[in-house]
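Read off the chains here:
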Amino acid sequence: MSLMILRAGPAALVQDLGRPGHAALGVTGSGAADRAAAALALRCVGTDPAAAVLELLLGGLVVMTDSPAVVAVTGARGLVVVTTPSGSRRTAATGEVLRLDAGSTLEIGRPGVGVRTYLGVRGGVEVPPVLGSRSRDTLSGLGPPPLEAGDVLAVGDAVVGPWADHWHASGGDPHPGSGTGPGPGRGTGIGTGTGTGSDGRGRRPRSLVLDVIPGPRDDLFPPAAWHVLAETGHVSGHADRVGVRIDPAGPVPRSSTREIPSEGMVRGAVQVPADGAPVVFGPDHPVTGGYPVIGVLTSRSSDALSQLLPGAPVSFRRVSD
């Protein structure tokens, strides 16, 4: 069983849980930018949470399956269209479990809310792993290259639960019209319209509050730094899988401008350079950094931030660990 890419859109990547544990080699963890949405896609189709999905930036993907398949689209909300071999079309909702006949195409349009959409297929996307992961690391170039029209992706056998009975990817889903998973996904974060972006009708988006666990260098910042972070800033035009620069309401002050040794970085680290404009690291962040980290986003907030367009309003809220 395989998926053929008919159109890849602006950026289509293979992602899974990432490759943690290789920082000593200079390799970051990578993995899905919105982990909750990726996990939901796999859960909807009854597939191992360690399997790979497709991560799409601003939609645009069109795929065709050569065998009966069960898929789910999660994350950013947008138009999903299924076209059968006979040419009939129907639309579907983000989070809906979809049954595709052999020869059907699935089109994922530009989202109206959010920026990253995830496509999960029962069995998981099967590509050769690099350092134990199928994820694309955009900073180092590790992992499978970005998808292009004409690429053919194999589907694996990572099916779990009752759907694993009699399953084999070479033959597709033996009962595509039967139980297709735990039911339509309710989603988390941006996929359910929690106010983390435009609502698609031109209304002003609500500010997203990002929860931050203080440390490890919060001792280098005065209390006023947290007051500035709590005011509404905006996502700048410098935003990708490596990191997101925030244009704050004002420069975030530091108690000391002394240099510190480079330290290990993690996803969600809020680093404050000398100009006082925070940079929040994403999944493809550098392994080390030389500016102090005032705190680290919770996993849920990191997921939500990955779904914001430049210009989206954000603020930070200090929480206990």
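Before going into details, it helps to say that this report is about the structure given with it. (Residues numbered from 1 in each chain as written. Predicted model: local features only at pLDDT ≥ 70, side-chain atom pairs only at ≥ 80, totals over all residues. Heavy atoms only, no water.)

1. Section: empty space enclosed by the protein
To find the voids left in a structure, one rolls a probe of water-molecule size over its atoms.
Point 1. Within the structure shown, the criterion is met by 1 cavity of 30 Å³ or more.
Point 2. Here the largest cavity defines a volume of roughly 40 Å³.
Point 3. Of all the secondary structure elements, the ones that give two or more residues to the lining of the largest cavity are helix 2 (223–230) and strand 19 (313–318).
Point 4. Its residues assigned to classes, the lining of the largest cavity comprises 7 nonpolar, 1 polar and 1 charged. (1 Å grid on protein atoms, 1.4 Å probe; cavity = no way out; pocket = protein on both sides within 12 Å on 5 of 7 lines; lining within 4 Å. Points joined across faces, edges and corners; volume = space filled by probe spheres on them. Helix = DSSP H or I, 4+ residues; strand = E, 2+ residues; numbered from the N terminus. Nonpolar A, V, L, I, M, F, W, Y, C, P; charged D, E, K, R; others polar.)

2. With respect to the side chain of Asp303
Point 1. Tracing the backbone shows Asp303 in helix 3 (residues 299–305).
Point 2. Taking relative accessible area as the criterion, Asp303 reaches 7% and is therefore assigned buried.
Point 3. At 3.2 Å, the side chain of Asp303 and the backbone nitrogen of Ala36 are in polar contact.
Point 4. Within polar-contact distance, the side chain of Asp303 engages the side chain of Arg267 at 2.5 Å.
Point 5. Every residue in contact with Asp303, bar those within four places of it in the chain, is listed here: Ala33, Asp34, Arg35, Ala36 and Arg267. (Buried < 20%, exposed > 50% of the residue type's maximum accessible area, 1.4 Å probe, protein only. Polar contact = N/O pair within 3.5 Å; in protein donor to acceptor, adjacent residues only side chain to side chain. Contact = heavy atoms within 4.5 Å.)

3. Remarks on the pattern of salt bridges
Point 1. Tallied over the entire structure, the rule returns 11 salt bridges.
Point 2. Close ionic contact of Arg317 with Asp211 constitutes a salt bridge, the shortest N to O distance being 2.7 Å. With Arg317 in strand 19 and Asp211 in strand 11 (residues 208–214), this residue pair connects regions lying 106 residues apart in the sequence.
Point 3. Judged by its relative accessible area of 18%, Asp211 is buried.
Point 4. The salt bridge partner of Arg318 is Asp218, with a shortest N-O separation of 3.9 Å. Here Asp218 lies in the loop between strand 11 and helix 2 and Arg318 lies in strand 19, a separation of 100 residues in the sequence.
Point 5. Several salt bridges share partner residues, and in doing so they unite Glu55, Arg116, Arg241 and Asp284 into one network. (Salt bridge = Lys/Arg side-chain N within 4 Å of Asp/Glu carboxyl O.)

4. Quick word on the sheet that holds strand 19
Point 1. Strand order in the closed barrel made by the 7 strands is 11-18-15-16-13-12-19, with mixed pairing throughout. Shown here is a sheet whose adjacent strand axes are inclined to one another by a mean of 40°, direction ignored.
Point 2. Looking at chain direction, strand 15 (residues 269–271) and strand 16 (residues 279–281) are connected through 2 bridges and run antiparallel. Considered in strand 16, the bridge of Val270 is made with Val280.
Point 3. Relative to strand 19, helix 2 is tilted by about 145°, and along the sheet it contacts strand 11, strand 18 (293–297) and strand 19. (Pairing = 2+ DSSP bridges. Axes fitted to C-alpha atoms, helices over the stretch in contact; angles between N-to-C directions.)

5. A short note on the nonpolar core
Point 1. Core analysis: the biggest nonpolar cluster contains 28 residues, and Leu54, Leu61, Leu106, Leu119 and Val125 have the highest contact counts within it.
Point 2. The leading source of residues in this core is strand 5 (residues 69–83), at 5 residues.
Point 3. Of all hydrophobic cores here, the second largest spans 25 residues; its members include Val244, Val280, Ala304 and Phe316. (Core = buried A, V, L, I, M, F, W, Y, C linked by side-chain atoms within 4.5 Å.)

Function cannot be inferred from these measures alone, as they are strictly geometric.
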